[in-house]
Amino acid sequence: MKYAMVRDIIEPDRNNLTLLRLIAALSVLVSHALLLRSGTRADEFSGTSVYNLGDHAVNVFFVLSGLTVAASLARCRNSIDFIIARALRIFPGLIVCTIVIVASGLLLSECGVADYLKDARVLEYMVKTISLSTGAAELPGLFRDNPYPSVVNGSLWTLKFEFLCYLLLALMGSMRLLTPGMMTKLLPIGFVAAAAFLAYRHGGQPDQLEQFARFWLSFSFGVALFLFRGRIVLSWGVAVGLGAAMWFVLGTGLERTVAPIAIGYLAVVLGTVRLRWLRHATNKQDLSYGVYIYSWPISQAVLTAWPDVGTANLICLSALLAMGIAALSWRLVERPSLNARKQVYDLVTAPFLQIRLSR
C-alpha cells in the first residue's frame, strides 16, 4: 500500500490545513465560551487530559504553523522577507481588531463616553495588546459584570509565543541550521530537553517558560515535518499508534509532550483527506486568525447584552458573529496586507540598498 508523504501535501491546493486551522480556532471559541459562561476554568472541556479542548487546538495551531511557516521560509528571499511576511500576517489584523474593540467599548462600557475616552487604560490596552505583551489587559467598565469579568481578549496571550517561534526559526535559517543533517542532531536533543522539562514541572499553573517549551515543541515538530517531508509518511496506522501512546500517558507529565505530537500528526493526516469543494472554499479565504482574535470579545459582548444566554446559544451566536467578522477581516485587512508584502520589503530594504550603491 502506497502512503502519502508530507511532501505530497505541501501545496495549499493539495491539503486541508486551512480548514483544520479554522476548526482549531472554532474549538478554541467553544472552550472559551464554556469558561466565559461559567467563569470557572475547570468547566473548559478536558476530561482526564492535562490539556483542555482549547489547549489541544492551540497545540495543533503551532504544529501546522511550524509546517507551513517552514515552507514559507524556504520560499523567501532572505530572513527579512520572511519576518515581513510573518509580521504582515499578525499585526495588521491585530491592530484593526484592537481598534474595533476599543471603539465597541464606547457602546458596551459602563462608563460614560467622556470618562471612557480620557481613561489611561484605553491607551494602555492598545499598547499592551498591539505589542503582544499581554492578552489580559482591561478596558474601563467593559465586561465588568460578566461571569469571567473584565478580561477583554484572553485569546491573544499565545501570539507572543507564535511570533517568538517565527523569530527563532528565522535565526536558525540565517545560521544555516535548517538542514536535515543538522536537525537530525538538534531535534532529538530539543525534544528530550522539552519533554524532561515539562514532565519535571508538571502540576500547578504553567508559567511563561513552560508555555514556551510546550509551544516550541509543537512548532518545531511542524518544522521537522517540513524538513523531513520526503521521509515522513502520513498513515492512519501511525496516527492510531500515537493516539494509543497518548492514551497511556493521559493526565501525566509525559502527556504534555506526547499529546501535541500525536494530535498534530493526526491533524496533518486529516489534511490528506480529499474534500474538494470544501477544501477550495476554505483555501480561498483563511478565517482562522480572524475567528481566533475576535471570538473572545464577541462572547464577552454577547454575555453583556444577553446575561441569561445558554451555553449552546452562546457558542452558536459567537461562532456565527466571529466567522462573519473574520470574513471581513480577511477581505479588507489580512489579504490586502499580505498582498502588500513586496512593497513593504522594497520600502524596508531600500535604505540598505542605497548604502550599498553609495560605496
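This text follows the structure it describes.
Described in the following lines is the structure provided in the data block. (Residues numbered from 1 in each chain as written. Predicted model: local features only at pLDDT ≥ 70, side-chain atom pairs only at ≥ 80, totals over all residues. Heavy atoms only, no water.)

## A closer look at a nonpolar patch on the surface
Next up, step 1: There is a patch of nonpolar side chains on the surface, built from L106, L107, V113 and L117 and spanning about 410 Å² of accessible area.
Next up, step 2: Broken down by secondary-structure element, the contributors of at least two residues to the nonpolar patch are α3 (79–108) and α4 (113–118).
Next up, step 3: For V113, the position within the fold is in helix α4.
Next up, step 4: V113 gets classed as partly exposed once you look at its relative accessible area, which sits at 46%. (Patch = residues over 30% accessible without salt bridge, like charges linked within 9 Å, V, L, I, M, F, W, Y side chains within 5 Å. Areas by Shrake-Rupley, 256 points an atom, 1.4 Å probe, with all protein chains shown as cover. Salt bridge = Lys/Arg side-chain N within 4 Å of Asp/Glu carboxyl O. Helix = DSSP H or I, 4+ residues; strand = E, 2+ residues; numbered from the N terminus. Buried < 20%, exposed > 50% of the residue type's maximum accessible area, 1.4 Å probe, protein only.)

## Notes on the packing of helix α9 (residues 236–248) against helix α10 (residues 255–270)
Next up, step 1: In the contact formed by α9 and α10, the axes pass within 9 Å of each other and the chain directions differ by 155°. Judged by the inter-axis angle, α9 sits roughly antiparallel to α10. For the pair α9 and α10, the crossing hand works out as left-handed. On the side of α9, the interface is formed by W236, V238, A239, L242, G243, A245 and M246, while α10 contributes E255, V258, A259, I261, A262, I263, Y265, L266, V269 and L270.
Next up, step 2: Class assignment for the residues of the contact of α9 with α10 results in 15 nonpolar, one polar and one charged. (Axes fitted to C-alpha atoms, helices over the stretch in contact; angles between N-to-C directions. Parallel < 35°, antiparallel > 145°, perpendicular 65-115°, else oblique. Left-handed = near helix turned anticlockwise from the far one by under 90°. Contact = heavy atoms within 4.5 Å. Nonpolar A, V, L, I, M, F, W, Y, C, P; charged D, E, K, R; others polar.)

## Digging into the pattern of salt bridges
Next up, step 1: Scanning the entire structure with this criterion turns up 14 salt bridges.
Next up, step 2: As a salt-bridge pair, D119 and R121 come within 2.9 Å of each other at their nearest N and O atoms.
Next up, step 3: Given a relative accessible area of 34%, R121 falls into the partly exposed group.
Next up, step 4: Via salt bridges that share partners, R21, R89, D286 and E334 belong to a single interconnected network.

## Remarks on helix α6 (residues 159–174)
Next up, step 1: The end-to-end C-alpha separation of α6 is 23 Å, in line with the 22 Å expected for 16 residues at 1.5 Å each.
Next up, step 2: For α6, the full list of buried residues reads L159, F161, E162, F163, C165, Y166, L169, A170 and M172.
Next up, step 3: Once α6 finishes, R176 follows within two positions and takes phi at roughly 60°, a positive value. (Expected span 1.5 Å × (residues − 1).)

## Comments concerning the environment of F61
Next up, step 1: Structurally, the position occupied by F61 is in helix α2 (residues 53–75).
Next up, step 2: By relative accessible area, which is 14% here, F61 ends up buried.
Next up, step 3: When the C-alpha atoms of F61 and G253 are compared, they prove to be 21 Å apart, with 192 residues separating the residues in sequence.
Next up, step 4: Discounting residues that sit within four places of it in the chain, F61 has contacts with R21, A24, A25, V28, S288 and Y292.

## Thoughts on the packing of aromatic side chains
Next up, step 1: Considering all chains together, one arrives at 12 aromatic pairs under this definition.
Next up, step 2: Here the aromatic rings of W157 and F215 are separated by 5.7 Å at their centres, their planes lie at 45°, and the arrangement is tilted. With a gap of 58 residues between them, W157 in the loop between α5 (120–130) and α6 and F215 in helix α8 (residues 208–227) connect regions that are remote in the sequence.
Next up, step 3: In this structure W157 comes out as partly exposed when scored by relative accessible area, which is 26%.
Next up, step 4: Grouped by ring-pair contacts, the aromatic residues F91, F163, Y166, F212, W216 and F219 constitute a single cluster.
Next up, step 5: The ring of Y166 is capped by R86, whose NZ or CZ atom sits 5.5 Å from the centre of that ring. (Phe/Tyr/Trp six-rings, centres within 6.5 Å; stacked < 30°, edge-to-face > 60°. Lys NZ or Arg CZ within 6 Å of the ring centre and 35° of its normal.)

## Re the side chain of R21
Next up, step 1: Checked against the element boundaries, R21 lands in helix α1 (residues 17–38).
Next up, step 2: One polar contact links R21 to T18, side chain to side chain, over a distance of 3.3 Å.
Next up, step 3: Here R21 is in contact with F61, L64, T68, D286 and S288, once residues within four sequence places are set aside. (Polar contact = N/O pair within 3.5 Å; in protein donor to acceptor, adjacent residues only side chain to side chain.)

## Observations regarding the packing of α3 against α5
Next up, step 1: Taken N-terminus to C-terminus, the directions of α3 and α5 make an angle of 160°; their axes are 10 Å apart at the nearest point. The angle between the axes of α3 and α5 places the two elements in the roughly antiparallel class. Between α3 and α5 lies a crossing of right-handed hand. Where α3 abuts α5, its residues F91, L94, I95, T98, I99, I101 and V102 lie against V122, Y125, M126, T129 and I130.

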